[in-house]
Amino acid sequence: MQIILGITGGVAAYKSAELARLLVNQGHRVRCILTEAGARFITPLTLTSLTGEPCYGANPDQGEWRASPNIEHIELARWADLVAVVPATANILGKAANGLASDLLSTLLLATRAPVLWAPAMNTGMWEHPAVQANLARLRSFGHAVVDPGEGVLACGEEGSGKLAEVASIAEAIQVHGTPKLRILSGRRVLITSGPTREDLDPVRTLTNRSTGAMGIELARALRDVGAKVQLVLGGDLAAPWGVETVRVRSAQQMLEACEARWADSDGLLAAAAVADQRPESPSSEKVKKGDGAETVVLVRTPDILARLSASRRQDQWVVGFAAESEQHLAHASAKLAKKGLDAVLVNDVQGGRGFGAQANTLTPVTASGPHPAIGPLSKDQLARAVVQWWAHQLELRPD
Ligand code: CTP
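Reading the values: the criteria
Residues numbered from 1 in each chain as written. Predicted model: local features only at pLDDT ≥ 70, side-chain atom pairs only at ≥ 80, totals over all residues. Heavy atoms only, no water. Helix = DSSP H or I, 4+ residues; strand = E, 2+ residues; numbered from the N terminus. Axes fitted to C-alpha atoms, helices over the stretch in contact; angles between N-to-C directions. Parallel < 35°, antiparallel > 145°, perpendicular 65-115°, else oblique. Left-handed = near helix turned anticlockwise from the far one by under 90°. Contact = heavy atoms within 4.5 Å. Nonpolar A, V, L, I, M, F, W, Y, C, P; charged D, E, K, R; others polar. Near = heavy atom within 4 Å. Polar contact = N/O pair within 3.5 Å; in protein donor to acceptor, adjacent residues only side chain to side chain. Areas by Shrake-Rupley, 256 points an atom, 1.4 Å probe, with all protein chains shown as cover. Buried < 20%, exposed > 50% of the residue type's maximum accessible area, 1.4 Å probe, protein only. Pairing = 2+ DSSP bridges. Lys, Arg positive; Asp, Glu negative; His and termini not counted. Salt bridge = Lys/Arg side-chain N within 4 Å of Asp/Glu carboxyl O. Core = buried A, V, L, I, M, F, W, Y, C linked by side-chain atoms within 4.5 Å. Patch = residues over 30% accessible without salt bridge, like charges linked within 9 Å, V, L, I, M, F, W, Y side chains within 5 Å.

I tried to follow unusual backbone geometry on my own but got confused; where do I start?
Keep in mind that most residues, glycine aside, have a negative phi and that most peptide bonds are trans. For the bond running from valine 86 to proline 87, omega is -10 degrees, close enough to zero to count as cis. Mapped onto the secondary structure, proline 87 falls in strand 4 (residues 82-88). Looking along the chain, the bond that leaves glycine 376 and enters proline 377 is cis, with omega of 5 degrees. With respect to the element layout, proline 377 can be found in strand 21 (residues 375-379). Of note, the phi angle at glutamine 328 is positive, near 40 degrees, even though the residue is not glycine. Structurally, glutamine 328 is set in the loop between strand 17 (318-325) and helix 12 (329-340).

And the structure:
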């Protein structure tokens, strides 16, 4: 994405440097605009150094600033895929809500057709003032997104709301707001299982597998960004993705119960979890002491979550499974598709340990019509986005 980052005059302006860097590391191009007050908190040199792009000012009279507001507000407005104002003061919110244009940033905000996102930061009294809240309501009515400030001790010493949201959350919100929505998935409720499950042997030992849950989390993000309402049922230790309703589970049984409780209200299922196929028949409530010689653990099957949900699905619901195979991956994927009654299986060739935790990954979709061209190799976030695009296309081809 090409992002314009507007920085207005607040103590939190230093955090916008961190945000600019994070966005650049995520592969975005970032051009900053400082208002006059913003430039008293952070320098253009910091921002140009971090972004590798010019930094624009309120007025065209300073060294590294390349501003000539007459022309550049239009040029920049066209360049932007998204405009984010971080931190946003009460002043810029008031100007934008009322169509006032007195410097480069405020004129650009009027001229742009790109999505606009605000991350306000100010004193609690100002934040709670009806004028500020009315301005925010007006901006929301224009389709702008607002990342609400958090609570905490503010620079002015007061404690309350008004503290700039976490930089990582603002970056996620930029991703969501800047991604075009897919009609076929927008507003749809999608259930995703992800991560390993853990089957306890005793209070300290557990049976699990090498999955991290990263792929399911990236799928949740990708679906969130195109407008789906995602519910993620997540095993493992990775952090839940921002803006996704997440239920944490441990065992296969817990994952099944969490899914069954949500399935009737869902439009589709992506089963990306690496569910343990067996669990100890009788886990011990006390730590088991070691003995001499061979020891035996009796294992019993866990429920097949994907098969259960697929068996109870309505005609309008869709079900996509994943498979990790070390040999004959397409044949095994076709067999799973038929056995579990799925719409598609995305198969990962894991020969030699590929796929688990690896950086670049490839998935081959298999449907009733046979294998489709492989997707990848791509990093997990890009792979997830490509999978979502592929699946949206398949849904469009489906007869109603
Ligand atoms: N799955 C599930 N519940 C299980 C096992 C698997 O929901 N108890 C789902 C996975 O999330 C994945 C697909 O089923 O979408 C994987 O199919 P499966 O046949 O279980 O794969 P493997 O466990 O690899 O099977 P096998 O050992 O027979 O190859």
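Picking up after the structure, the text goes on.
Got a minute to help me understand the packing of helix 4 (residues 90-97) against helix 7 (residues 130-141) in this structure?
Packing of helix 4 against helix 7 leaves a shortest axis separation of 9 Å and a crossing angle of 50 degrees. Classed by the angle they form, the pair helix 4 and helix 7 counts as oblique. Of the two possible hands of crossing, helix 4 and helix 7 adopt the one that is left-handed. Contacts between helix 4 and helix 7 involve Ala90, Leu93, Gly94, Ala96 and Ala97 on the former and, on the latter, Val132, Asn135, Leu136, Arg138 and Leu139. Of the residues that constitute the contact of helix 4 with helix 7, the class distribution is seven nonpolar, two polar and one charged.

Explain the site of the ligand here, please?
Close to the ligand lie 13 residues, the nearest being Ala271, Ala273, Pro303, Leu306 and Phe322. One nitrogen or oxygen atom from the main chain of phenylalanine 322 is found 2.8 Å from an oxygen atom belonging to the ligand. One of the side-chain nitrogen or oxygen atoms of lysine 340 is found 3.0 Å away from an oxygen atom of the ligand. When isolated, the ligand has an accessible area of 570 Å², and the protein chains bury 73% of it.

Could you clarify how one ought to interpret the pairing of strand 4 in this entry?
Sheet faces and side chains relate simply in a regular strand, where the side chains alternate between the two faces. The buried fraction of strand 4 amounts to seven of the seven residues, a majority that puts the element mostly inside the structure. Going residue by residue along strand 4, you find Leu82, Ala84, Val86 and Ala88 tucked away on one face and Val83, Val85 and Pro87 tucked away on the opposite face as well. As paired strands, strand 1 (residues 2-7) and strand 4 are joined by four bridges and run parallel to one another. Across the sheet, the residue bridging to isoleucine 4 is valine 83, located in strand 4.

Even after reading the chapter, I still don't get the side chain of lysine 95, so can you show me in this structure?
You can see lysine 95 is positioned in helix 4. This buried residue, lysine 95, is left without a salt bridge; aspartate 103 holds the nearest opposite charge, at 4.1 Å. Non-local contacts of lysine 95, meaning those with residues more than four positions away in its chain, are made with Leu100, Ser102, Asp103 and Ser106.

Whenever I open this one, the environment of valine 24 confuses me. Can you help?
Structurally, the position occupied by valine 24 is in helix 1 (residues 13-25). The partly exposed category is assigned to valine 24, whose relative accessible area is 26%. Sequence separation between valine 24 and glycine 52 is 28 residues, and the spatial gap between their C-alpha atoms is 9.0 Å. Beyond its immediate sequence surroundings of up to four residues, valine 24 is in contact with Val30, Leu50 and Thr51.

Teacher, can you tell me more about the pattern of salt bridges here?
Where charged atoms of side chains with opposite charge meet at close range, the side chains can pair. Throughout the structure, instances matching the rule amount to 19 salt bridges. For arginine 308, the salt bridge identified is with glutamate 260, shortest N-O distance 3.9 Å. Of the two residues, arginine 308 sits in helix 11 (residues 305-311) while glutamate 260 sits in helix 10 (residues 252-263), which places them 48 residues apart along the sequence. Here aspartate 304 and lysine 340 are joined by a salt bridge, their closest N and O atoms 2.7 Å apart.

What exactly am I supposed to notice about the nonpolar core here?
Where a protein is soluble and globular, its nonpolar side chains tend to be buried together. Counting residues in hydrophobic clusters, the biggest one holds 32 residues, and the most contacted among them are Leu185, Ile192, Leu219, Leu223, Trp318 and Val388. Counting only elements with at least two residues in this core, the list comes to strand 9 (189-194), helix 9 (214-225), strand 12 (229-234), strand 17, strand 18 (344-349) and helix 13 (380-397). With eight residues, helix 13 is the largest single contributor of residues to this core. Among residues more than four places away in sequence, those in contact with leucine 223 are Leu185, Val190, Ile192, Ala228, Val230, Leu270 and Val388. Among the nonpolar cores identified, the runner-up in size contains 30 residues, and Cys32, Val147, Ala165 and Val167 belong to it.

What exactly am I supposed to notice about a nonpolar patch on the surface here?
Taken together, the side chains of Val11, Tyr14 and Phe41 make up a nonpolar region of the molecular surface, amounting to roughly 320 Å² of accessible area. Tracing the backbone shows valine 11 in the loop between strand 1 and helix 1. Among the residues examined, valine 11 registers a relative accessible area of 48% and is labelled partly exposed.

It is worth stressing that arrangement in space is one thing and function is another; only the former is reported here.
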